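Here is what each chain is made of, one letter per residue.
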Amino acid sequence: MPTQLNRYEPEARPAPDQAGVHSATPYPPTTGPTAFGPLVGQPVGAVPPAPAPRRRRLRSVALVVALAAVIGGGTAVVLQKWGPGAGSSSVSSTPPTSPAPKESATEEPDADVGGVPSSWRRVDDPLGFSLYLPEGWKRKVVGEEVDGLQQVDYSPDGGEHFVRISVDVSPDFATAHDHFVDLEEQVKERLIGYKFLSLKENQYRDRAGSQWEYTWEAQPKDTPFAGPRRAIDQGYIDRDGTEYAIYMSAPQKDWAEARAQFSAVLRGWRTG
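Residues take numbers from 1 onward in each chain, read along the sequence in its written order. Selection of residues for local features in this predicted model requires a pLDDT of at least 70, selection of side-chain atom pairs for listing and counting requires 80 or more, and totals for whole chains, interfaces and linings are taken over all residues. As a rule here, side-chain values come from all non-hydrogen atoms in the structure, and water together with hydrogens is ignored.

As for the overall build of the chain
Secondary structure is summarised from DSSP: a helix means a run of H or I of at least four residues, a strand means a run of E of at least two, and numbering begins at the N terminus for each. Assigned secondary structure in the chain consists of 2 helices and 12 strands. Element order for the chain, N to C, with α for helix and β for strand: β-β-β-β-β-β-β-α-β-β-β-β-α-β. Accessible area is worked out with a 1.4 Å probe on protein chains only. A residue is then buried under 20% of its type maximum, exposed over 50%, and partly exposed in between. Counting every position in the chain, which comprises 272 residues, the buried fraction comes to 51%. Residue exposure ignores everything except the shown protein chains as possible cover, and the areas themselves are Shrake-Rupley values with a 1.4 Å probe. Here the chain displays about 12,100 Å² of accessible surface, and carbon together with sulfur accounts for 53% of that area.

Spelled out as C-alpha cells, the structure:
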C-alpha cells in the first residue's frame, strides 16, 4: 500500500519488536487497542471520563522504524515499495485462504504510455487496488489486519528494493498530510541518521494528499540490507474514506532508478 510516508538520531531508541522482526519503513507492526477499566476510587454512578483518543498507528505508508517486517527474505515499506530495512519473517507469504494477486495479461501499457514502461504488467491486488509493476515482483503480506489497517509489500529481491501499500479503512487522521506530520515526528526520533528531505501537501487522484521523502542509515542489526537508504511515501484519502499510503524504499545508490519506478507506480495506480 505509503506509505506516502526521514529521520534518525545517533542512537535510535529501541522500538518494540515483534518476534524479532525489524522493518525498514515507517510502518511498524500494529498493536491492538488497549481497554481501560474504571478509575480507582471513582464514585458509583459518576460520569465516566471521556474515552481516550484512538491510538495512533505508526503507519505507509505507509507508512516507520525498525519493526514492520521487511523480509520474508528481507522485506519491509511501505509503501511500501522498496525499503530501508528488513527483518526476519514477520512478513508472511500471502495466506492460502487469501486470493493471490492477478496479473492482467490483456492490460499492458503501450510503449511508455503515461510514463509506465511497456514491459510492466498490471497486478490486481486482493485488497482492492491495482498497480503496474515490473515482471518478477513478489507479494508479501505485512503483519495481520489490525483495526482496519492492512499492508502488503511487492519486491523483486526479498526486500532490498520494495513498494509497500498500506490500506486503512478507518483512518486516525482527517487528512493524509496530518498523518504524515504526526508520523514524521515519531520517525525522526527513531531512525539512525535520519535526514528530512521534504514533506508537502499535494493533489493525487484529484484528492488532497501528501508526499514525504527522507533518508536514513539502516543498521546491520535490523536488516541484511544495511547502509544508506532513501524512501518516499505518497498518501491520500479516497472518496470512500479509505486512506492509502504508497511507499517505496531502496538503497541510496539505486535511488535514481527507484524514483523513476515510483513515479510509474503512481501513474498506474487504481482503486475499486
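Topic: helix α2 (residues 255-268)
Between its first and last C-alpha atoms α2 spans 20 Å; for 14 residues at 1.5 Å apiece the expected length is 20 Å, and the two agree. Restricting attention to buried positions, one finds in α2 the residues Trp255, Ala258, Gln261, Phe262, Ala264, Val265, Leu266 and Gly268. Every helix has an expected span of 1.5 Å times one less than the residues it contains.

As for unusual backbone geometry
Although it is not a glycine, Asp147 adopts a positive phi angle of roughly 55°. Position of Asp147 relative to the elements: it lies in the loop between β5 (138-146) and β6 (149-155).

Quick word on helix α1 (residues 176-187)
With 12 residues, α1 extends 16 Å from end C-alpha to end C-alpha; this agrees with the ideal 16 Å at 1.5 Å per step. Taken as a whole, α1 has its buried residues at Ala176, His177, His179, Phe180, Asp182, Leu183, Glu184 and Val187.

Quick notes on the packing of aromatic side chains
Aromatic rings from Phe, Tyr and Trp, taking only the six-membered ring of Trp, are treated as a pair when their centres fall within 6.5 Å; an angle between ring planes under 30 degrees marks them as stacked, one over 60 as edge-to-face, and anything in between as tilted. This structure, assessed with the given rule, holds 9 aromatic pairs. With a centroid separation of 5.9 Å and an interplanar angle of 50°, the aromatic rings of Phe180 and Trp212 are classed as tilted. Of this pair, Phe180 sits in helix α1 while Trp212 sits in strand β9 (residues 207-218), and the two are 32 residues apart along the sequence. The exposure classification of Phe180 matches that of Trp212, with both residues buried. A ring pair is formed by Tyr244 and Trp269, whose centres lie 5.5 Å apart and whose planes are at 75°; its orientation type is edge-to-face. Of this pair, Tyr244 sits in strand β11 (residues 243-251) while Trp269 sits in the loop between α2 and β12 (270-271), placing them 25 residues apart in sequence. Taking relative accessible area as the criterion, Tyr244 reaches 5% and is therefore assigned buried. The exposure class assigned to Trp269 is buried, which follows from its relative accessible area of 1%. Three or more aromatic residues joined by ring pairs form one cluster here, namely Phe129, Tyr204, Tyr236, Tyr244 and Trp269. For a lysine, the NZ atom is tested; for an arginine, the CZ atom; a charge sits over a ring if that atom is within 6 Å of the ring centre and within 35 degrees of the ring normal. The ring of Tyr132 carries the charged tip of Arg122 above its face, separated from the ring centre by 4.2 Å.

Some points on the pattern of salt bridges
Just to be clear on terms, a salt bridge is a Lys or Arg side-chain nitrogen sitting within 4 Å of an Asp or Glu carboxyl oxygen. Under the criterion given, the structure shown has 7 salt bridges. We note a salt bridge from Asp125 to Arg139, for which the minimum N-O separation is 2.6 Å. Of this pair, Asp125 sits in the loop between β3 (121-124) and β4 (129-133) while Arg139 sits in strand β5; the two residues are 14 residues apart in sequence, bridging distant segments of the chain. Measuring nitrogen to oxygen at the nearest pair gives 2.5 Å for the salt bridge that ties Arg164 to Asp153. Placement of Arg164 in strand β7 (residues 162-168) and of Asp153 in strand β6 is noted, with a sequence separation of 11 residues between them. The pair formed by Arg164 and Asp153 is uniform in burial state, with each residue classed as buried.

Quick notes on the nonpolar core
Counting residues in hydrophobic clusters, the biggest one holds 28 residues, and the most contacted among them are Leu131, Ile165, Ile246, Met248 and Trp269. Those elements that place two or more of their residues in this core are β4, β6, β7, β10 (227-237), β11 and α2. The element contributing the most residues to this core is α2, with 6 residues. The criterion is simple. A nonpolar core is a set of buried Ala, Val, Leu, Ile, Met, Phe, Trp, Tyr and Cys residues joined through side-chain atoms within 4.5 Å. With 12 residues, the next largest nonpolar core counts Val187, Tyr194, Trp216 and Ala231 among its residues.

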